[in-house]
Amino acid sequence: ETLARCLHLPFAAFFCNRAPRIRIPKDHRTLGNQALRSYSRAMLLVLEEAQFAQTTFSSILKEFAPAAGRLPTLRRDSDPYRQGMEVRKYLGLTRTWQVSKRPSVKAYFAWRAALENHGVLTLEANMESDAIRGFCYADEEPFVIAVSSADPFVARIYSMLHELGHVCLREGAI
């Protein structure tokens, strides 16, 4: 148990016949023309925790919650304005509501609540060491959006909505 605590692993992991597989979403980060594809141990733990949360909440939703309406699926070749309106409508938000929520702590939590009320799991984690502002898992429900807790709230709102775009395209991404 002491080793498990030191390594930040569940004690049960020592009884597995193989290491758990961490699904890493497509990484869109680049520096110049160079793709950035390496992750710190801390970031791998964040990804693993997000997967665990997705699996756990999926089980809970199947057991206790009725099927939620499906988040709209967007297409890259369709009108972005129309698709944005479709997502807003699904979330039950108006343009007036969005404009009234000036970027702030209150606006951030209002956006999070809107997403979570529609079955999107939102998480925060410190991703500063990997220069990652957010990521999402869009392969199964509940969809997961994670943003960096090290960022100011206005950046978290941007990252959350950016990742929502990836989720609506059904592409997990970093």
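Parameters and conventions
- Residues numbered from 1 in each chain as written.
- Predicted model: local features only at pLDDT ≥ 70, side-chain atom pairs only at ≥ 80, totals over all residues.
- Heavy atoms only, no water.
- Pairing = 2+ DSSP bridges.
- Helix = DSSP H or I, 4+ residues; strand = E, 2+ residues; numbered from the N terminus.
- Axes fitted to C-alpha atoms, helices over the stretch in contact; angles between N-to-C directions.
- Contact = heavy atoms within 4.5 Å.
- Core = buried A, V, L, I, M, F, W, Y, C linked by side-chain atoms within 4.5 Å.
- Buried < 20%, exposed > 50% of the residue type's maximum accessible area, 1.4 Å probe, protein only.
- pLDDT = per-residue confidence, 0-100.
- Disulfide = S-S within 2.5 Å.
- Phe/Tyr/Trp six-rings, centres within 6.5 Å; stacked < 30°, edge-to-face > 60°.
- Lys NZ or Arg CZ within 6 Å of the ring centre and 35° of its normal.
- Polar contact = N/O pair within 3.5 Å; in protein donor to acceptor, adjacent residues only side chain to side chain.

This part is about the sheet that holds strand β5 (residues 144-148). On the basis of which strands lie adjacent, the open sheet formed by three strands has the order β3-β5-β4 and mixed pairing. A strand with exactly one partner marks an edge of an open sheet, and here the two such strands are β3 (121-125) and β4 (134-137). For this sheet the average axis-to-axis angle between neighbouring strands, irrespective of direction, equals 15°. Of the pairings in the sheet, the one linking β4 to β5 comprises four bridges and is antiparallel in character. Following the sheet pairing, G134 is matched in β5 by V147. Contacts between helix α2 (residues 41-64) and the sheet are confined to β3, β4 and β5, with β4 contributing the most and set at about 35° to the helix.

On to the nonpolar core. If you look at the biggest cluster of nonpolar residues, it comprises 23 residues, and the most contacted ones within it are L71, L91, L115, I145, M160, L164 and V167. Counting only elements with at least two residues in this core, the list comes to α3 (80-91), α5 (105-116), β5 and α6 (153-168). Every residue in contact with L91, bar those within four places of it in the chain, is listed here: A114, L115, H118 and L164. Counting 15 residues, the second-largest nonpolar core is a separate cluster that includes M43, V46, A50 and L121.

This paragraph deals with the confidence of the model for the protein. Model confidence for the protein is summarised by a mean pLDDT of 86, while 92% of its residues fall at 70 or above. When the elements of the protein are averaged for pLDDT, strand β2 (residues 34-35) gives the smallest value, 72, and β5 the largest, 97.

Now for the state of the cysteines. Scanning the entire structure with this criterion turns up zero disulfides. No disulfide involves C136; its sulfur sits 9.7 Å from that of C168, the nearest cysteine. A residue is classified by how much of its surface remains accessible, and C168, at 1% relative accessible area, is buried.

What the rule picks out here adds up to five aromatic pairs. Between the aromatic rings of Y108 and F109, the centroid separation amounts to 5.0 Å while the plane-to-plane angle is 75°, which identifies the pairing as edge-to-face. The exposure class assigned to Y108 is buried, which follows from its relative accessible area of 0%. Relative to Y137, the ring of F135 has its centre 5.8 Å away and its plane inclined at 80°; by these criteria the two rings are edge-to-face. The pair formed by F135 and Y137 is uniform in burial state, with each residue classed as buried. A network of ring pairs unites the aromatic residues Y108, F109 and F153 as a single cluster. Above the ring of Y137, the side-chain terminus of R23 is found at 4.9 Å from the ring centroid. One residue, R156, lies across the ring of F153, its end atom 4.2 Å from the ring centre.

When you line up the elements, R23 lands in the loop between α1 (2-7) and β1 (30-31). Polar contacts involving the side chain of R23 include one to the side chain of D139, which spans 2.9 Å. Excluding anything up to four places from it in sequence, R23 contacts Q51, Q54, Y137 and D139.

Here we take up the environment of R82. Among the secondary structure elements, R82 is positioned in helix α3. Judged by relative accessible area, R82 falls into the partly exposed class, the value being 42%. Linking R82 and I174, residues 92 residues apart in sequence, is a C-alpha distance of 25 Å.

Another aspect to go through is the pairing of β4. Side chains G134 and C136 of β4 all project onto a buried face; the interleaved residues F135 and Y137 project onto the opposite face, where all are buried too. Counting the residues that bridge the hairpin from β4 to β5 gives six residues.

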